[in-house]
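Read off the chains here:
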Amino acid sequence: MTQLPLLLLLLFFWILPPSTGKRDQTICVSRNYLKSLKNYYRPGDLIIGGNLPLETMLFSEVSHFQKDPFVLSIRTLVMPKKYQQFLALVFAVREVNKDLVLLPNITLGFHIYDNHQIEKQISLISLSLLSTRGQMVPGYQCDRQDTPLSIIGGLNSKSSRQMASIFSIFKVPQLGVGFEFSQGERRAYPSFCRINPKESPQYVGLVQLLLYFHWNWVGLVAPESDNGERFISTLVPMLKVKEICLAFTERLKSDFLITTKLKKLLHIFKTWSKAEVIVLFGDSSSITKVLAVMNAHRQFTKASFCKIWILTSHWKVSMMGSEDILKSINPFHGSLHFRDHAGDISEFSHFILSLDPLNPQGDVFLPQWWERAFDCKIHKPDEMPSKGEKPCTGKENLHNLPTYTFETSMTGESYNIYNAVYALAHALHAMYGSGAQPVMMKHEKKISNVESWQILYYLRNVQFNNSVGDEIFFSENGLGSPRFDLLNWIFPPNESFVSTKVGQIDPEAPPGQDFTINSDAIIWATKKVPFARCGMKRCHTGERRKVPEDKPVCCYQCDHCPEGTISNQTDAAHCDSCPEDQYPNKDNNHCIAKKIHFLAYEETLGYISVFLALFLSVITSAVLVIFYKHHDTPIVKANNRDLTYILLVSLLLCFLCSFLFIGRPEKLTCVFQQSAFAIIFSLAVSSVLAKTVMVVLAFMATKPGNRTRKLLGKPLTYSIVLACPLVQALLSATWLGTSPPFLNLDFHSLAGEAILECKEGSASMFYTVLAYLGFLALVSFLVAFLARKLPNSFNEAKFITFSMTVFCSVWITFLPTYLSTKGKSMVAVEIFSILASGAALLACIFSPKCYIILLRPHLNCRENIIRNKNL
């Protein structure tokens, strides 16, 4: 039973027919419609396919079931400028084949079709390029004669996506204009390679252009399509970041020319008039709609629509030599146009100038293009020209063609194709030099076993410098560096057209050099740089912007900067404060370094202070000399000579310590000026106090039975003179040990000046020192006041009382005055207080005695002193 299934299986294989048999030969099927497609073929070991637009369809009959749907009845119009893209592919292949180092054993060929910009033709040509030449069996080669290396085609995003959906199935590299797709879609187009720069650097350059000319109020026109919406959604946030506002955003519908009524056109005129600068995004179909609006405006208003237009790289200027068409685009005079960067390849110009329409060498497009470009007719040798028909000689000068019809220098689109061909050649070179020699070796001038997908890896990693030195490589930004040229459209009075390069965008350049422009070379339609701003004027330096309520941020007004702030740029959003060591000038547009403020010797107040200090010092020294010379006279002896000398010396030091407060403050002078002043003045006041106490004790000692005589003498005097300053010295030492004075720069108290001052450090210690000095003065005053009526012969209490009254008055008024002033005025107040209080002691105590010693010497005797009550 277990062997039954095995027997049944063997029986089954036995009754099957033989597995070997004769295989019928595969026959490739040809379609007649392929014969109607114009193509330019040049044989080679590997073929580069071209699916490019040259002609545009003018008319097509509606298909019906009685005709082959693949056969189209169309009339076409050659677009001369697009023919350069065909020539760029042919030229690049020829140059590669001439290079014996790049591909020494391989010859490249090409097979170029004109797709007429018709979607159906684009698909049919794509399928035929995947088949053996003349057949329509995609992905299957009847022979190895036309091995397709890659396809160059899709010169707009729509046709690129259409081709990529076909070529990606067969993993044939396609090099075309990029289109937007998500990361998920990237896997759906594995063999697509972008040959043009990514659009984002162009948008950055557009914003930089607006900022360069300070335009913040512009219009935006784009087609109502996915590309148009993507452009608007990308650009608008970038404009908002730079505070550039849109005066309007116009979306052009696909049926704009059919459905737009006169009333709508008038509304568009009014809307577009809101902006002096208008950004246009779109393709050649969109420009037709814009031209219709401008032509209607000219018909209704009899005036040109004079605005500055900024055109993106999607705009292509490709027209016939019709003067009417040229006049219709004349409103674009002065426009700025971003275009794909093009290198200056002189050999390409020589190649174009060598074209001979009478000997096209297989180029079926050349005769038709020549006829259209020069408005002539190429006749066969035996054909007679019609009457009035201009024959083509083949010697027509291509330089005479206007640039809007054809350019002999390579355009950005052609430059992309040129680099794409060289990228393929360098990828083949890398593939050949990486161990793939057996695959690439020739055998009877044929290449065997080469598949298109094999080159994809090398193509995506290719990197080289082309003939003009530009670095070419594939990245997410496309093939080569993402550079754009900025052109200026000019329509001279002779009704020609010129586009001049005036700038460039190079994102890979160093910061500050990524956007360059020669504004002096720009010719404006408005004769001068337009004022494309919402506000009536720009805010100058020293002003700031102020946006009224319910207004866009661009429609601002200008306010002067508040006091103490500046704005040093035009249209500043806010005013900034100056650094601490600087202050605003009167126009509030830049900061000035603050002048260092202190009581200098060279200024008037300094001169006065120095003079008074020196004068009083000299007077004090003179009094000291007088008293020293007359120290044996009764009047000097009667007033306690030692205390007198101590008082005069302390007063001299008080006057001299004023110099610690004059001049530029230093760290050392800050530390000692207040302490020195306090200790020296304490010595002076204590000397006065000792003299007053001695007067009181001397009077009390004259009374019978009074024991105060024991207190008289030098010990008590020296005790008072030493103890009082010692207390002040201890307070000053505590001050210096805890929080000493320090050098400080005050930037805020005085406008335009930085006060270089000595700060007290500890304010409480400063006022404690002053309070102690005031306490000594007050005690001296009270003692002297109480002793003023004692007998005059031994009493100088009246003079001490008066001097201490002046002393206390000076220092009582010192405090509020000192606290209410700043800078050198504060220093001057303290110097004046020092000099005034010292002068009061000097004048009140010593002037009467000096008068007697010098002018009334006969009164300077013991009898007169005892007898004289005026002393």
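Since the structure is predicted, the reported quantities are computational estimates derived from the model, not experimental observations.

Undergrad: Break down the overall build of the protein for me, with residues and values.
TA: The number of helices and strands found in the protein is 25 helices and 28 strands. Taken over 871 residues, the protein has a buried fraction of 48%. Intrachain contacts of the protein at a sequence separation of at least 6 include 69% that bridge at least 24 residues. Within the structure as shown, the protein displays about 44,000 Å² of accessible surface, and the carbon and sulfur contribution to it stands at 58%.

Undergrad: Would you mind going over the UniProt feature "transmembrane region" (unreviewed entry) in the protein in detail, with residue names and values included?
TA: Mapped onto this numbering, the UniProt entry annotates "transmembrane region" (unreviewed entry) at residues 605–628, 643–663, 675–699, 720–738, 765–787, 799–819 and 831–854. Across residues 720–738 one finds 100% helix and 0% strand; the C-alpha atoms that close the span lie 28 Å apart. Secondary structure content for residues 831–854 is 100% helix and 0% strand, while the C-alpha to C-alpha distance between its ends is 31 Å.

Undergrad: So what about helix α13 (residues 365–374)? Which residues, and what values?
TA: Judged by how many residues are buried, α13 sits mostly within the fold: seven of ten residues are covered. Burial in α13 covers these residues: Phe365, Leu366, Trp369, Trp370, Glu371, Ala373 and Phe374. Positive backbone phi, at 55 degrees, marks aspartate 375, one or two positions downstream of α13.

Undergrad: For the sheet that holds strand β12 (residues 308–311), give the residues involved together with the corresponding values.
TA: What the eight strands build is an open sheet, ordered β10-β9-β11-β12-β13-β17-β18-β19; its pairing is mixed. The sheet is open, and its two borders are formed by β10 (245–252) and β19 (515–517), each paired with just one other strand. On average, each strand axis in the sheet is inclined to that of its neighbour by 25 degrees, with strand direction left out of account. By the bridge criterion, four bridges tie strand β9 (residues 217–223) to strand β11 (residues 277–280) in an arrangement that is parallel. Considered in β11, the bridge of glycine 219 is made with isoleucine 278. On top of the sheet, helix α6 (residues 200–212) reaches β9, β11, β12, β13 (336–340), β17 (484–490), β18 (498–505) and β19; it is set at about 50 degrees to β19, its chief contact.

Undergrad: Outline a nonpolar patch on the surface, supporting the account with residue identities and numerical values.
TA: A grouping of Ile608, Phe611, Leu612, Phe615 and Ile619 is seen on the molecular surface, where their side chains present a nonpolar patch of about 450 Å² in accessible area. Within the fold, isoleucine 619 resides in helix α17 (residues 604–629). Using a relative accessible area of 32% as the deciding quantity, one classes isoleucine 619 as partly exposed.

Undergrad: Outline the state of the cysteines, supporting the account with residue identities and numerical values.
TA: Applying the stated rule across the entire model yields seven disulfides. Disulfide pairing is shown between cysteine 245 and cysteine 554; the S-S distance is 2.0 Å. Here the disulfide of cysteine 245 and cysteine 554 is right-handed, its torsion about the S-S bond being about 95 degrees. Of this pair, cysteine 245 sits in strand β10 while cysteine 554 is found in the loop between β20 (543–546) and β21 (557–560), placing the two residues 309 residues apart along the sequence. The class for cysteine 245 is buried, based on a relative accessible area of 11%. What makes cysteine 554 buried here is its relative accessible area of 1%.

Undergrad: Go over the sheet that holds strand β5 (residues 108–114), please, and point to the residues and values.
TA: Pairing between sheet strands relies on hydrogen bonds along the backbone, with the strands arranged either parallel or antiparallel. Strand order in the open sheet made by the six strands is β1-β5-β2-β6-β7-β8, with mixed pairing throughout. Every interior strand has two partners, whereas the edge strands, β1 (39–42) and β8 (192–194), have only one. Strand-to-strand twist across the sheet, computed as the mean angle between neighbouring axes with direction ignored, equals 20 degrees. As paired elements, β1 and β5 share four bridges and run antiparallel to each other. Within β5, the residue paired with asparagine 39 across the bridge is tyrosine 113.

Undergrad: Go over the nonpolar core, please, and point to the residues and values.
TA: Of all hydrophobic cores here, the largest spans 63 residues; its most connected members are Leu89, Leu108, Leu175, Phe348 and Trp370. The set of elements that each furnish at least two residues to this core consists of β2 (46–52), α2 (83–98), β5, β6 (148–153), α12 (346–353), α13, α14 (412–432) and β15 (471–475). Per element, the largest residue contribution to this core is eleven residues, and it comes from α14. Discounting chain neighbours no more than four positions away, the residues touching leucine 108 are Pro43, Gly44, Leu46, Ile48, Val93, Val96, Asn97, Leu103, Leu149 and Leu428.

Undergrad: Can you explain the pairing of β18? Please cite residues and give values.
TA: Pairing geometry for β17 and β18, over seven bridges, is antiparallel. Along β18, the bridge assignment pairs leucine 487 with lysine 501. For β18 and β19, the ladder comprises three bridges, and the chain directions are antiparallel. Counted as the bridge partner of glycine 503 is isoleucine 517 from β19.

Undergrad: So what's going on with the environment of glycine 176? Which residues, and what values?
TA: Looking at the element boundaries, glycine 176 is found in strand β7 (residues 174–176). Residue classification places glycine 176 among the buried residues on the basis of a relative accessible area of 0%. The spatial distance from the C-alpha of glycine 176 to the C-alpha of arginine 161 is 9.2 Å, given a sequence separation of 15 residues. Contacts of glycine 176, omitting those with residues within four sequence positions, involve Gly153, Gly154, Ser160, Phe192, Cys193, Arg194, Ile195 and Asn196.

What counts as what
Residues numbered from 1 in each chain as written. Predicted model: local features only at pLDDT ≥ 70, side-chain atom pairs only at ≥ 80, totals over all residues. Heavy atoms only, no water. Helix = DSSP H or I, 4+ residues; strand = E, 2+ residues; numbered from the N terminus. Buried < 20%, exposed > 50% of the residue type's maximum accessible area, 1.4 Å probe, protein only. Contact = heavy atoms within 4.5 Å. Areas by Shrake-Rupley, 256 points an atom, 1.4 Å probe, with all protein chains shown as cover. UniProt positions renumbered as here; feature names shortened; annotations may be inferred. Pairing = 2+ DSSP bridges. Axes fitted to C-alpha atoms, helices over the stretch in contact; angles between N-to-C directions. Patch = residues over 30% accessible without salt bridge, like charges linked within 9 Å, V, L, I, M, F, W, Y side chains within 5 Å. Salt bridge = Lys/Arg side-chain N within 4 Å of Asp/Glu carboxyl O. Disulfide = S-S within 2.5 Å. Core = buried A, V, L, I, M, F, W, Y, C linked by side-chain atoms within 4.5 Å.

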